[in-house]
Amino acid sequence: ASGSVNINRRGALLMAVDAKHPDMTAERLAEWRLMADAMTGESAMKLAGITYLVKPSGFSALPQNGEPAYAAYKGRAQFPEILAPSVAAMIGIVHGKDIDIQIPAAMDFLRENADGDGLTLDSFHRRITRALLVDGRYCVLADAPEGGGNPYMRGYSGSALINWDRDWYVLDECGYVRSGFDWAKVERYRVLMLDGGVYVQTLYTKSDKGEFIQTELAPMARGNVRLPVIPLAVASARDLSPTVEPPPLIGVARAALAIYQLSADYRHQLYMSGQETLVAINGPAPTAVGAGVVHTMQGGDGITPDLKYVSPSCSGIDAHKLAMEDNRTAAVQAGARLLEQSDQVQESGNARKLRFASETATLTSIALASCALLEKSLRNVGLLMGIPVEDIIVTPPKDLLDSTMTPADAQALVAVWQAGGISYQTLYENLARGGIASAERDHVEETSLLDQEQVGSDSGLI
């Protein structure tokens, strides 16, 4: 940070610097990985191999330990792109509403360069919301260049905060660093703490010899004033805290994973059922197969030769297809109260509006946490600049889904429906809560009206 003091020490190997907080369990880490891979899509899921798609035990008896068969099995499987469109639609709804960001004129540079790399403040805020939806946690550190200059906000994924306590945080900054035209992976950790009531940083960077080099930093605000607080803000999907919880949309990712696994078996059975095998009974194997080939087989005393095409019955195909449909419904229902709604068709428009309001609580809490994290981070920048922070206010949208939906919101939801991420019922109910479709009708009644209008149009009555 601006005005910081650097002290380099080369010491013994510090194995504890990468230790993880007890809440960073293997289950939480696996959930974050699943969310990241499901957001990336089919390529990432297949690249993970047996992590998500176990090789059938029978394949191991095949040549080459069944690896060619497993590669074909995995290649035929299809992963449903459900999660990413759902996240995009939720971000569009949250940020499609008015979010008032009030900052002093001295901080206006952040509106065009919030992270020091040219990311606008609006885009940075969207990144926060996306991370809270996908990981359920995000961290923002207010910092400034060592040589001086405007401060900025540096974002960290939820998994990057590996250890923490009161006034003490460890951030994982391992990654690739460019040197000329080459990139090399660097192992580095940043420790933030209060030492004697003032904010200090310590960087631990592993050298080529496998030992950590320590670099101690004493960040200062403008005017060479030491900071009495750590300018790091952490938010969960519900509030400003480093709490580690299951990601809000983990149910969508798990249902999509189940569909992927079922799809592998389903398409394998389809493939096998279409590959009939010619079998010679009581006779030599045919030298050629195919249309037009004539096979001559001679029988002996008491022996009747025969040729038959055989194929697996694949009796489980229909069951697999039904299971995939069930899991797609489960994925829709697992969306954070924005996706599938209950099957209540006999309810008034007012009752439906009340139900809509209650079912947006999760998305509302994420929007509130996102705005609170941005406000706290902006105030931390204000501390670095030495300006009053009371006037730095981020006002979240009052209503996410009860107010009139914009055309952009509606277009985003229709795109998710077209991509298969939500059902038509879900689409209609979201349009109804946004004031575009009628809250006095359900999706079945609306479809019936559309059919009647189509019949009238075809008959020339309309």
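Note that residues are indexed from 1 along each chain, following the sequence as it is written. The model is predicted, so local features are restricted to residues of pLDDT at least 70 and side-chain atom pairs to those at 80 or more, both for listing and for counting; the totals for chains, interfaces and linings are taken over all residues. Hydrogens and water are ignored here; the side-chain numbers use all heavy atoms of the structure.

Trainee: I tried to follow the packing of helix 4 (residues 83–95) against helix 10 (residues 407–418) on my own but got confused; where do I start?
Mentor: The relative placement of two packed helices is expressed as an angle between their axes plus a distance between the axes. Angles shown run from 0 to 180 degrees and are taken between the N-to-C directions of axes, each axis being a line fitted to C-alpha atoms and, for helices, limited to the stretch in contact. In this text, helices come from DSSP runs of H or I with a minimum length of four residues, and strands from runs of E with a minimum of two, each type numbered from the N-terminal end. Contact geometry of helix 4 with helix 10 gives a least axis separation of 9 Å together with a crossing angle of 170°. Classified by the angle their axes make, helix 4 and helix 10 are roughly antiparallel. Touching Pro85, Ser86, Ala89, Gly92 and Ile93 of helix 4 are Asp409, Ala412, Leu413 and Val416, all from helix 10. Of the residues contributing to the contact of helix 4 with helix 10, the split by class is six nonpolar, two polar and one charged. Each angle receives one of four descriptions, namely roughly parallel if under 35 degrees, roughly antiparallel if over 145, roughly perpendicular if within 65 to 115, and oblique otherwise. We call two residues in contact when some of their heavy atoms are within 4.5 Å. Each residue is assigned to one of three groups, with Ala, Val, Leu, Ile, Met, Phe, Trp, Tyr, Cys and Pro labelled nonpolar, Asp, Glu, Lys and Arg labelled charged, and all others, Gly among them, labelled polar.

Trainee: What am I meant to see in the sheet that holds strand 14 (residues 232–236) here?
Mentor: Strand pairing in a sheet relies on backbone hydrogen bonds. The paired strands run either parallel or antiparallel. Strand order in this open sheet of three strands is 4-3-14, and the pairing throughout is antiparallel. The open sheet has two free edges, formed respectively by strand 4 (152–157) and strand 14, since each of these has just one partner strand. Geometrically, the sheet is characterised by an average inter-axis angle of 20° between neighbouring strands, direction not taken into account. Of the strand pairs in this sheet, strand 3 (residues 137–143) and strand 4 are connected by six bridges, and their pairing is antiparallel. Bridge pairing in strand 4 places Ala142 opposite Met153. Where helix 5 (residues 121–134) meets the sheet, its contacts fall on strand 3, strand 4 and strand 14, and the angle it forms with strand 3 comes to roughly 145°. Pairing between two strands requires that DSSP report at least two bridges joining them.

Trainee: Can you walk me through the side chain of Asn163 in this structure?
Mentor: Tracing the chain through its elements places Asn163 in strand 5 (residues 161–165). Its relative accessible area of 13% is what places Asn163 among the buried residues. In contact with Asn163, not counting residues within four places along its chain, are Ala19, Lys20, His21, Trp168, Tyr169 and Val170. Burial classification: accessible surface area is computed with a 1.4 Å probe over protein chains only, and a residue below 20% of its type maximum counts as buried, one above 50% as exposed, and the rest as partly exposed.

Spatial relationships are all this shows, so hold off on functional conclusions.
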